[in-house]
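# Topology and contacts: notes
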Amino acid sequence: WNASSGRDHVWFVFGERQTCLVPPEIAKASIIVGHWGDEDCMSPDKDVVVPTITPVQHDYPRFVQGRDGTHSLQRSMRGSAELPLGRSGPLVFFAGGITSFGASQDNLRKGGIDSQEKQEKWLKRVTADRCARPDVSCRQVYSMGVRQAIWREKLYAEPDMRIVSAGVPDYFDVVTKARFCIHTEGNGWGARVVDYMAMECLPLMVNDRMIFPYANVLPWEDFAIHLRKDQIPALAATVRNISQRRQEEMRTALRLYKAGFVWWRPDGAAYEFTLAALGQRVEQLGLGRAARQARARS
């Protein structure tokens, strides 16, 4: 540690939001690798964000076989690669809790959609919530207020979109058919982008001041759309203005990088992508062998 004041040390930090608990003397000096890319806790110029493991691939048996033995991320990941680049499913898809984790993919909306009563219940709640306003920053509440702001915009009522306030039973089927899938954080993680990449649904990233996985080595603008919270009112118009040809170009680019978002073998290559991202940081920060030798000669 003393030889470099910690600059050549790498710390892999697991757990939700745990990168925010790294002691300042380590966080400022060393390379931090973690899943929670909050710019308040990680440096976009020094650290590395890597994907987590999502609930639908919680362990290797579930990744390969799925919960019911028929639907699995591995099967959907492989199947997506065989499908045409063009898609005809929902323009935008999201299914998950709006104000809390309680309505996750493990808590399914059995019919696959919300009743009008349920939609109005959530709309009433978010309308009364200041943090659900697109122009208000609330980084310490659930989803940083983003999911609430999306519901406030009534995107669930758009005929070409499918926005549901809980998990859906046809999750694998709809993600492999949808054109854009909304990704935003919940309590932590922001794990859905992993499933979207694996199943080739173009990520529609909606958040502020978050570092994306492998941001220092991947051209995210080639395969994803990023909107800030205050741009949510323009979300529908933004995606509708993206041509079919451009969507196919984006999905072609996505196929180059999808393996980097899965850890399980033989389909995943997250380990190699992590090494690539680390290697870029080593060279960028002048920590490589050539740089050390040059300093020694001087």
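Residues numbered from 1 in each chain as written. Predicted model: local features only at pLDDT ≥ 70, side-chain atom pairs only at ≥ 80, totals over all residues. Heavy atoms only, no water.

Counting secondary structure elements, the protein contains eleven helices and eight strands. What you see for the protein is a C-alpha radius of gyration of 20 Å, in line with the 19 Å of a compact globule of 298 residues. In terms of overall dimensions, the protein has C-alpha extents of about 70 × 45 × 35 Å along its principal axes. The burial tally for the protein puts 52% of its 298 residues in the buried class. Contacts spanning at least 24 positions in sequence make up 66% of the contacts within the protein whose residues lie at least 6 apart. Put simply, the protein shows about 14000 Å² of open surface, and 53% of that area lies on carbon and sulfur atoms. (Helix = DSSP H or I, 4+ residues; strand = E, 2+ residues; numbered from the N terminus. Rg over C-alpha atoms; globule rule 2.2 N^0.38 Å. Buried < 20%, exposed > 50% of the residue type's maximum accessible area, 1.4 Å probe, protein only. Contact = heavy atoms within 4.5 Å. Areas by Shrake-Rupley, 256 points an atom, 1.4 Å probe, with all protein chains shown as cover.)

With that settled, consider the state of the cysteines. Structurally, a disulfide amounts to a covalent bond that connects the sulfur atoms of two cysteines. Per the stated rule, a full pass over the model turns up three disulfides. Note that Cys20 is cross-linked by a disulfide to Cys41, the S-S spacing being 1.9 Å. Judged by the sign of its S-S torsion, about 90 degrees, the cystine formed by Cys20 and Cys41 is right-handed. Pair noted here: Cys20 is in the loop between strand 1 (10–13) and helix 1 (24–27) and Cys41 is in the loop between strand 2 (31–34) and strand 3 (48–49), with a separation of 21 residues, a long-range link. On the basis of relative accessibility, which here comes to 34%, the residue Cys20 falls in the partly exposed class. With its sulfur 2.1 Å from that of its partner, Cys131 forms a disulfide with Cys138. Judged by the torsion about the S-S bond (-80 degrees), the Cys131/Cys138 disulfide is left-handed. One exposure class covers both Cys131 and Cys138, and it is buried. Taken in sequence order, the bonded cysteines of the protein link in the pattern 1-2, 3-4, 5-6. (Disulfide = S-S within 2.5 Å.)

Glancing now at empty space enclosed by the protein. Applying the stated criterion across every chain, the model contains two cavities of 30 Å³ or more. Approximately 50 Å³ is the volume attributed to the second largest cavity. Lining the second largest cavity, in full, are Ser137, Cys138, Arg139, Met144, Val146, Asn207, Asp208 and Lys229. In terms of residue class, the lining of the second largest cavity is built from three nonpolar, two polar and three charged. (1 Å grid on protein atoms, 1.4 Å probe; cavity = no way out; pocket = protein on both sides within 12 Å on 5 of 7 lines; lining within 4 Å. Points joined across faces, edges and corners; volume = space filled by probe spheres on them. Nonpolar A, V, L, I, M, F, W, Y, C, P; charged D, E, K, R; others polar.)

Here the focus is the pairing of strand 7 (residues 202–206). Both faces of the sheet carry side chains from a regular strand, because those side chains alternate between them. Burial runs high along strand 7: five of the five residues are buried. Bridge analysis of strand 6 (residues 180–183) against strand 7 gives four bridges, and the strand direction is parallel. Counterpart to Phe180 in the pairing with strand 7 is Leu202. (Pairing = 2+ DSSP bridges.)

This paragraph deals with the packing of aromatic side chains. Working definition: an aromatic ring pair is given by the centre-to-centre distance plus the angle between the planes. What the rule picks out here adds up to twelve aromatic pairs. By the ring-pair criterion, three or more aromatic residues cluster together here, those being Phe212, Tyr214, Trp220, Phe223, Tyr257, Phe261 and Phe273. (Phe/Tyr/Trp six-rings, centres within 6.5 Å; stacked < 30°, edge-to-face > 60°.)

Right, let's get into the nonpolar core. If you look at the biggest cluster of nonpolar residues, it comprises 72 residues, and the most contacted ones within it are Val92, Phe180 and Leu204. Here the element with the most residues in this core is helix 7 (residues 192–198); it accounts for five residues. Setting aside its immediate chain neighbours within four residues, Leu204 contacts Val92, Phe180, Cys181, Ile182, His183, Ile225, Leu227, Leu235 and Val239. By size, the runner-up hydrophobic cluster in this structure holds seven residues, among which are Val13, Val22, Val49 and Ile211. (Core = buried A, V, L, I, M, F, W, Y, C linked by side-chain atoms within 4.5 Å.)

Here we take up unusual backbone geometry. Cis peptide bonds are those with omega within 30 degrees of zero, and the linkage from Arg265 to Pro266 qualifies with 0 degrees. Within the fold, Pro266 resides in the loop between helix 9 (244–257) and helix 10 (270–284). Although it is not a glycine, Lys154 adopts a positive phi angle of roughly 60 degrees. With respect to the secondary-structure elements, Lys154 resides in the loop between helix 5 (146–152) and strand 5 (161–164). In the Ramachandran plot, Tyr214 falls in the positive-phi region, its phi being about 55 degrees despite a non-glycine side chain. With respect to the secondary-structure elements, Tyr214 resides in the loop between strand 7 and strand 8 (225–227). A residue is classified by how much of its surface remains accessible, and Tyr214, at 0% relative accessible area, is buried.

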